[in-house]
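So the chains spell out like this:
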Amino acid sequence: MAHGDNSKEKIVYVGDTRVRKGNGFITPPDYSAYPGKSEAFIPNFLLKEWMVGVVVLVGILVLTISEPAPLGFPAKATATVIPMPDWYFLFLYQYLKLPYASGSYIVLGTLGVTGVAFGALLLAPFLDTGRERRFYRRPIASSLMFLSLAAVIYLTNAAWTEYKHEMAATGQIPEDIQREEKAAENKAKGLPTSSAVQIKEVAIVDKDDPAMALFKQATCISCHATDLKGGGGPSLRGVGDTHDKEGILTIIKEGTGNMPKMYDVAMDAGLSDKDIDDLAGWLAKQKSEQ
Amino acid sequence: MFKNVYNWIDERLDITPIWRDVADHEVPEHVNPAHHFSAFVYCFGGLTFFITVIQILSGMFLTMYYVPDIINAYASVEYLQTKVAFGQIVRGMHHWGASLVIVMMFLHTMRVFFTGSYKAPREMNWVVGMLIFFVMLGLGLTGYLLPWDNKAYFATKVTLEIANSVPVMGPVLKELMQGGTIVGAETLTRFFALHVFFLPAVLLILLVGHFIMIRRQGISGPL
């Protein structure tokens, strides 16, 4: 345990600025060389530490019960939400909105200041190489840190204030609160409380229509598959939701995205103009909701 | 009985030095709050580790329900939050623990900085500690997307835009994290893999290094 003067145990290294700098390696004094009451880590100290840990654990549990973790509505690219990172990134987020850290100065924002600040923090021991440990005797290192802390606190507060103002101005309520209220309302009415997106398989409309045969004959199936669920091309089930008959005819005749013009291919496969018209009409009827 | 089993193993593997190295050391007076209450500042490192353990345990339980795909991710989190017994508590611990671990780690970093404990011979341990800090921020960033709600989705879009603005590396970094041209199914699975496998593995390796160095060098002496 404690290392006495005659201890044969390997000495435990204790760095101490009170040791004068000398020539060569100085055997560092071990804990027993210090006046005062050291204590065994196991079991004495660990037991006390565990008691503090238990108090912290109870605190976390109280927090989780009184403030449930937030959950909004399922992600949707078209939703109007003010984007906010988690609170400990707010200072960076706000900083990168400043005029000299965004737009054409963005490199100054990301690499210039942020990169240098975090790089300096990473390499602090190699920048602050003096032997003095007390912070009030290291004015440069300490004042830089105090300055950074002040900036972080200021920027975090600015980001949060701005967010609150924006929410109030646009009349938005945080989605996690909306979801909880909606769930509570639906529960009271006996309706489903889930906000999750329910996926229903879209059916083929009028499968017995002669156009289904035309669809196969015109080689549409090579990309859109015999069950219309798509493969090389997108699924055509429910295509009538997004395109009308005219739109579909245009796509057949002129192509879209990766899809080439298929009109001539269909004609070569033996379809007439009327057949293609029927086919487009049938596809336009493919709506997901009847 | 236990003693015999222990001796049997110890004879063959000599395991005593391993645990004695962890157990047999003294806590000096100047870091013990029982003697000087102001020494509570030395507790933040231990509390960071304690909450990290909570994060690992609660995270392990969360993966029992979580489904990392864009159709089911939200539904699985919502189910866990509202239907599973104690699910709200486990998710709550992971959610609040993520913030607390940042707070504790920040306080620990400030303690080490202002007591000048990073000075020779402990430079390497400071660097490893900062790397742990960055990995923790990475864990926070990747974990934020996983519930796949609007807040997560739009925050990640902004984050990836910021990554994109870094010169030279930016666009590559963005595409690597995003796994394509949009924030979508690939992004979610990548963030999930990073959050659950890659970053925790790196974190554990760094933590082992951090602790070995503390045991080798001891706690820095009194000011």
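Please read these numbers as outputs of a predicted model, since none were measured by experiment.

Quick notes on the rules
- Residues numbered from 1 in each chain as written.
- Chains lettered and ligands numbered in written order.
- Predicted model: local features only at pLDDT ≥ 70, side-chain atom pairs only at ≥ 80, totals over all residues.
- Heavy atoms only, no water.
- Helix = DSSP H or I, 4+ residues; strand = E, 2+ residues; numbered from the N terminus.
- Buried < 20%, exposed > 50% of the residue type's maximum accessible area, 1.4 Å probe, protein only.
- Contact = heavy atoms within 4.5 Å.
- Patch = residues over 30% accessible without salt bridge, like charges linked within 9 Å, V, L, I, M, F, W, Y side chains within 5 Å.
- Areas by Shrake-Rupley, 256 points an atom, 1.4 Å probe, with all protein chains shown as cover.
- Salt bridge = Lys/Arg side-chain N within 4 Å of Asp/Glu carboxyl O.
- Axes fitted to C-alpha atoms, helices over the stretch in contact; angles between N-to-C directions.
- Parallel < 35°, antiparallel > 145°, perpendicular 65-115°, else oblique.
- Left-handed = near helix turned anticlockwise from the far one by under 90°.
- UniProt positions renumbered as here; feature names shortened; annotations may be inferred.
- pLDDT = per-residue confidence, 0-100.
- Nonpolar A, V, L, I, M, F, W, Y, C, P; charged D, E, K, R; others polar.
- Expected span 1.5 Å × (residues − 1).
- Bend = angle between axes of the 7 residues up to and from the residue.
- Buried area = accessible area lost by both parts, 1.4 Å probe.
- Polar contact = N/O pair within 3.5 Å; in protein donor to acceptor, adjacent residues only side chain to side chain.
- 1 Å grid on protein atoms, 1.4 Å probe; cavity = no way out; pocket = protein on both sides within 12 Å on 5 of 7 lines; lining within 4 Å.
- Points joined across faces, edges and corners; volume = space filled by probe spheres on them.
- Core = buried A, V, L, I, M, F, W, Y, C linked by side-chain atoms within 4.5 Å.

## Digging into the overall build of chain B
Then comes step 1: Helix and strand content of chain B: nine helices and one strand.
Then comes step 2: Along the chain direction, N to C, the helices and strands of chain B fall in the order α-α-β-α-α-α-α-α-α-α.
Then comes step 3: In terms of overall dimensions, chain B has C-alpha extents of about 55 × 50 × 35 Å along its principal axes.
Then comes step 4: When the 223 residues of chain B are sorted by exposure, 51% land in the buried category.
Then comes step 5: Restricting the contact set of chain B to residue pairs at least 6 apart, pairs at least 24 apart contribute 66%.

## Things to note about a nonpolar patch on the surface
Residue and element names in this part refer to chain B.
Then comes step 1: On the surface, F49, V53, I56, L57, M60, L204, F211 and I214 cluster together into a nonpolar patch covering about 650 Å² of accessible area.
Then comes step 2: Listing elements by their share of the nonpolar patch, those giving two or more residues are α3 (44-62) and α9 (185-217).
Then comes step 3: Take I214: it is sitting in helix α9.

## Some thoughts on the packing of helix α1 (residues 41-66) of chain A against α3(B)
Then comes step 1: Packing of α1(A) against α3(B) brings their axes to within 11 Å, and their N-to-C directions diverge by 50 degrees. Looking at the two axes, α1(A) sits oblique to α3(B). Regarding α1(A) and α3(B), the two cross each other, and that crossing is right-handed. Across the interface between the two elements, A:W50, A:G53, A:V56, A:L57 and A:I60 from α1(A) touch B:L47, B:F50 and B:I54 from α3(B).

## Side note on the UniProt feature "domain: Cytochrome b/b6 N-terminal region profile" (unreviewed entry) in chain B
Then comes step 1: The positions that UniProt labels "domain: Cytochrome b/b6 N-terminal region profile" (unreviewed entry) are, in the present scheme, residues 5-223 of chain B.
Then comes step 2: Here residues 5-223 of chain B runs as 71% helix and 1% strand, with 46 Å between its end C-alpha atoms.

## What about the confidence of the model for chain A?
Detailed conclusions should not be drawn from predicted coordinates in areas where pLDDT is low.
Then comes step 1: Averaged over chain A, the pLDDT score is 85; the fraction of residues at 70 or greater is 87%.
Then comes step 2: Across chain A, element-level confidence peaks in helix α5 (residues 139-170) of chain A with a mean pLDDT of 96 and bottoms out in strand β1 (residues 39-40) of chain A with 80.

## A closer look at the packing of helix α9 (residues 245-254) of chain A against helix α11 (residues 273-284) of chain A
Residue and element names in this part refer to chain A.
Then comes step 1: Axis separation between α9 and α11 bottoms out at 8 Å; the angle between their running directions is 125 degrees. Comparing the axis directions of α9 and α11 gives the class oblique. The way α9 lies across α11 gives a crossing that is right-handed. Judged by residue contacts, K245, I248, L249 and I252 of α9 engage I276, D277, A280, G281, L283 and A284 from α11.
Then comes step 2: Class assignment of the residues belonging to the contact of α9 with α11 gives a composition of seven nonpolar, one polar and two charged.

## Focus on helix α5 (residues 87-114) of chain B
Residues and elements named next belong to chain B.
Then comes step 1: Look at α5: 40 Å from first C-alpha to last across 28 residues, which is about the 40 Å you get at 1.5 Å a residue.
Then comes step 2: Where α5 bends most, at G97, the angle is about 30 degrees.
Then comes step 3: Just past α5, the residue G116 takes up positive phi, approximately 60 degrees.

## Brief notes about the interface of chain A and chain B
Then comes step 1: Counting residues at the interface gives 81 residues for chain A and 77 residues for chain B.
Then comes step 2: Summed over both partners, the interface of chain A with chain B comes to about 7,200 Å²; 68% of that surface belongs to carbon and sulfur atoms.
Then comes step 3: For the pair chain A and chain B, the number of links is one salt bridge.
Then comes step 4: Applying the counting rule to chain A against chain B returns 27 residue pairs in polar contact (both at pLDDT 80 or more).
Then comes step 5: For the side of chain A that touches chain B, the secondary-structure elements that each account for two or more residues are β1, α1, α3 (106-122), α4 (124-127), α5 and α6 (175-189) of chain A.
Then comes step 6: Considering only residue class, the side of chain A that touches chain B consists of 52 nonpolar, 13 polar and 16 charged.

## So, the side chain of B:S220
Then comes step 1: Position of B:S220 relative to the elements: it lies in the segment after α9.
Then comes step 2: In terms of polar contacts, B:S220 uses its side chain to reach the side chain of A:R133, at 3.4 Å.
Then comes step 3: Reaching out from B:S220, the side chain makes a polar contact with the side chain of B:S117 at a distance of 3.0 Å.

## Regarding empty space enclosed by the protein
Then comes step 1: Taken as a whole, this structure holds two cavities of 30 Å³ or more when the rule is applied.
Then comes step 2: Of the pockets and cavities examined, the largest cavity occupies roughly 70 Å³.
Then comes step 3: Along the walls of the largest cavity sit A:P85, A:D86, A:F89, B:G140, B:L141, B:Y144, B:A155, B:T156, B:T159 and B:F191, which together make up its complete lining.
Then comes step 4: When residues of the lining of the largest cavity are traced back to their parent elements, those giving at least two are α6 (123-145) and α7 (150-164) of chain B.
Then comes step 5: Residue classes in the lining of the largest cavity are distributed as six nonpolar, three polar and one charged.

## Describing the nonpolar core
Then comes step 1: Counting residues in hydrophobic clusters, the biggest one holds 40 residues, and the most contacted among them are A:M145, B:F113, B:Y118, B:W126, B:I132, B:M136 and B:L203.
Then comes step 2: Counting residues per element, this core draws most heavily on α6(B), which supplies ten residues.
Then comes step 3: Excluding residues that lie within four positions of it along the chain, B:F113 makes contacts with A:R138, A:A141, A:S142, A:M145, B:Y118 and B:W126.
Then comes step 4: Judged by nonpolar contacts, the second largest core, of 22 residues, contains A:A211, A:V239, A:L249 and A:A280.

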